[in-house]
Amino acid sequence: MRNVPILTLITMLMFICFSCNRKTNEEHVGEKRTSGTTTILVDETYANILDQQIEVFEADYTAAKVKTVIGNESEIMPKFRNGDVKMLVVSRMLKPTDEKFYKERKSPIYVDRFAIDGLALIVNKANTDSTITVTAAFDIMRGTAKSGKKLVFDNAYSSTIRYFIDSAGIKELPKQGVYTLKTTNDVIKYVAENNDYIGVIGVNWLLKNVKESSTYLSKIKTLGVKDTRKKDGGEAYYKPTQENLINGKYPFLRNVYIINAEGTNGLGTGFANWLTSPRGQLIVLKSGLGPHEVAERQFNLKTNNKN
């Protein structure tokens, strides 16, 4: 397939999406999929991109109101399990305990991936290291690392640290080497002020800070990561560019799902479908994350290397 300049691709997609949207508005005026009110539980890591999606969706469908309840994964999941709020944006599939309420009521649950996120490893710019292996990172999580390196996460109940706990195959954190703060911004600030820590943050949050020109960005850099678990991984180290999220070369990937258990053909269903539509995917593309489908675009910090 011939490579298309990203600006041209985005322009083409915008034209297609705007045309499709006009037709959709005309065909669905007054239908529940584009009117009414719905509430979505959102992992705080994805609050920014959901805000962008909702802003455009509500501008397209003025009779629709999408509300969000934002928190870390441990805070929002109980509300979904109990049926208090039946829509959810998270970075993992549901577990049997998450589905129990709905299965008992024979209420269907629909799960759709709408974006690909990654976990970036950041260090102080003065740190001599520019790369790390997956094994080395997981050894720190297991408390078996000999390097003296330390990991710092946003908080003890976030999806970020849960991802590393699950991936490292551990049930509890080691007594030393792994630390948690309160927010992702705290991690960025802490790494910028301390040379001995590796911060673990969502790519989505990193992109948000790039756009806001965070005062701490000039003091940090992202590490290239090699997936030592793959026999054919070679010696390549990859950074969390959008291209590497889409092609799967960056090791620390996670899907972003919209989960709909409303059980009706209403606004929740309409918004979930819209997220995976060309118009919703265009917003994901422009955000720097990997769309479920569509093409790629690289992002980088001012101080990034080539990978």
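Analysis parameters
- Residues numbered from 1 in each chain as written.
- Predicted model: local features only at pLDDT ≥ 70, side-chain atom pairs only at ≥ 80, totals over all residues.
- Heavy atoms only, no water.
- Salt bridge = Lys/Arg side-chain N within 4 Å of Asp/Glu carboxyl O.
- Helix = DSSP H or I, 4+ residues; strand = E, 2+ residues; numbered from the N terminus.
- Buried < 20%, exposed > 50% of the residue type's maximum accessible area, 1.4 Å probe, protein only.
- Contact = heavy atoms within 4.5 Å.
- Polar contact = N/O pair within 3.5 Å; in protein donor to acceptor, adjacent residues only side chain to side chain.

Focus: the pattern of salt bridges
At step 1: Applying the stated criterion to the full structure yields 13 salt bridges.
At step 2: Among the salt bridges present, the one from Glu73 reaches Arg92, with a minimum N-O distance of 3.3 Å. Of the two residues, Glu73 sits in helix α3 (residues 73–81) while Arg92 sits in the loop between β3 (87–90) and α4 (96–104), which places them 19 residues apart along the sequence.
At step 3: Relative accessible area serves as the criterion here: at 9%, Arg92 is assigned to the buried category.
At step 4: One network of salt bridges, in which partners are shared, links Glu73, Arg81, Arg92, Asp98, Arg162 and Asp166.

Some remarks on the environment of Asp117
At step 1: Assignment of secondary structure puts Asp117 in strand β4 (residues 110–124).
At step 2: Residues Asp117 and Ile246, spaced 129 residues apart in sequence, show a C-alpha to C-alpha distance of 9.2 Å.
At step 3: Excluding residues within four positions of it along the chain, Asp117 makes contact with Thr45, Tyr46, Gly202, Val203, Asn204, Leu245, Phe252, Leu253, Arg254, Val256 and Leu289.
At step 4: A polar side-chain atom of Asp117 sits 3.5 Å from the main-chain amide nitrogen of Val203.

Function-wise, these values are silent; they only describe arrangement.
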